[in-house]
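# Structure at a glance
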Amino acid sequence: MAATSARFAGFLLFFACISTVHGAGKMLVLVDNWAIRETHSLFFKSLRERGFELVFKLADDTGLSLVKYGEYLYEHLVIFAPSVEEFGGSIDVAAITNFIDGGGNVLLAASSAITDPIREIASECGVEFDEEKTSVIDHMNYDIKDLGKHTLIVADPKDLIKAPMIVGSKPVRPLLFRGVGMVADPDNPLVLNVLHASSMAYSFNPNERVNEYPHAVGKNTLLIAALQARNNARVVFAGSLDFFSDEFFTSGVQHAMAGEKHDQCGNQDLALSLSQWVFKEKGVLRVGNVSHALKGETEPPEAYTILEDVEYSIEIDEFKDGKWQPFDAKDVQLDFVRIDSFVRIFLKPKARKFETTFKLPDVYGVFQFRVDYNRIGYTHLFSTTQVSVRPLQHTQYERFIPSAYPYYGSAFSMMIGVFIFSIVYLHFKEDVKDKTE
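Residues numbered from 1 in each chain as written. Predicted model: local features only at pLDDT ≥ 70, side-chain atom pairs only at ≥ 80, totals over all residues. Heavy atoms only, no water.

## A short note on unusual backbone geometry
- Despite not being glycine, Lys280 has its phi angle at roughly 60 degrees, a positive value.
- Assignment of secondary structure puts Lys280 in the loop between helix H8 (267-278) and strand S18 (284-294).
- Residue classification places Lys280 among the partly exposed residues on the basis of a relative accessible area of 23%.
- A positive phi angle, close to 55 degrees, is found at Asp321, a residue other than glycine.
- Among the structural elements, Asp321 can be located in the loop between strand S20 (309-320) and strand S21 (323-326). (Helix = DSSP H or I, 4+ residues; strand = E, 2+ residues; numbered from the N terminus. Buried < 20%, exposed > 50% of the residue type's maximum accessible area, 1.4 Å probe, protein only.)

Here it is in structure tokens:
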């Protein structure tokens, strides 16, 4: 009985470990006021249904903390507090950037009431929000429910980034947006322009006369931006808190100028795809077993020899639908690198593995099998295996090399010439004349 109980307890412990590994994770949600839990209930409900443990706190709560005893308390952070003047507790801009550096994922939504802390967080990630009280204005693409300021924008789904892993593969209906605009740092290659405004849009205070060049104009005006850091941490910036609200999720959309009408906008579908991506429910890759050996063998040698045929294989998994599945792609490449790449070849997918066979170059040294897969929407996958390649041993060279036949001929001809010359020289005798007085 005791043994059975111990086995049952062990099984429960194992199941708990598996649940922890594959669980959605703990998420801290910072809000301006408690009313946001009600006005954005559909979005938070979708997160709970996907297994996230939501912890709601006011953004200025004095007990806020992301770290305890050197360990992060949360895996994900949602900031729906665009008007916070100062974060409470031990959370500040530096703490949030450190959270991202530590691998945490952040979803941040702003509004026209944006404050300096929110703008500073975005600036640290290569995104610059416009100033407080400004809005994205589009006099040609606004909804019929707009109150006259033309700030309730109808965004065309064609302006979304061409990355189904981030925005979803389904055709998205027109999107509603009401909030602040932003621009991306052109020197930061990690920032992604997820959704930009039309060429007619600009960002400015709708209650003031435009007497200076706006912060953002035309398609440079970003409505939603994303960042995947070099440590694969993900951050999404949305200029509209209303974008995630129940009102926008359930609202219809009618273009005021074109008259095109839809019973429901595409905000909910896009918000679902964005949240799945930023919280790493999809687009996550990992490397499994890596193997290499001479062709026809199973174990790698201590060192390879130039011009040998080598087989290489790597297992790549993708986290999809809540579980790890074999990754399916045809653009995974292998580089055989010393300083530069000597061999670059596509890997062929076969079941869970990607494999190929190639001939080593006629160059010896310390090489690396390197797989560097970096595609928009996926985590950066990098695998490297170091091996040595030596020249041929003296016993491995051919006995006679055809290209050296002329040299062989010249050597033997010289030997024969010396032999003949020796015979002639030894047996030749000059006639000696007698002396006469």
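## What to know about the pairing of strand S25 (residues 353-359)
- Going residue by residue along S25, you find Phe354, Thr356 and Phe358 tucked away on one face and Lys353, Glu355, Thr357 and Lys359 left uncovered on the opposite face.
- By the bridge criterion, seven bridges tie S20 to S25 in an arrangement that is antiparallel. Across the sheet, the residue bridging to Glu315 is Lys353, located in S25.
- When strand S24 (residues 348-350) meets S25, the two strands line up antiparallel, connected through three bridges. Across the sheet, the residue bridging to Lys350 is Lys353, located in S25. (Pairing = 2+ DSSP bridges.)

## A short note on the packing of aromatic side chains
- Enumeration over the complete set of coordinates arrives at 23 aromatic pairs.
- Each ring, one from Phe80 and one from Phe244, has its centre 5.5 Å from the other, and the planes form 35 degrees; the classification is tilted. A residue pair is termed long-range when its members are at least 10 positions apart, and Phe80 in strand S5 (residues 76-80) and Phe244 in the loop between strand S15 (234-238) and helix H7 (246-250) qualify at 164 residues. The exposure classification of Phe80 matches that of Phe244, with both residues buried.
- Between Phe358 and Phe369 the ring centres are 6.2 Å apart and the planes differ by 70 degrees, which places this aromatic pair in the edge-to-face class. In this pair, Phe358 is assigned in strand S25 and Phe369 in strand S26 (residues 365-373), connecting sequence segments 11 residues apart.
- The buried category is assigned to Phe358, whose relative accessible area is 6%.
- Exposure remark for Phe369: the relative accessible area of 0% places this residue in the buried category. (Phe/Tyr/Trp six-rings, centres within 6.5 Å; stacked < 30°, edge-to-face > 60°.)

Worth remembering: the numbers are spatial, not functional.
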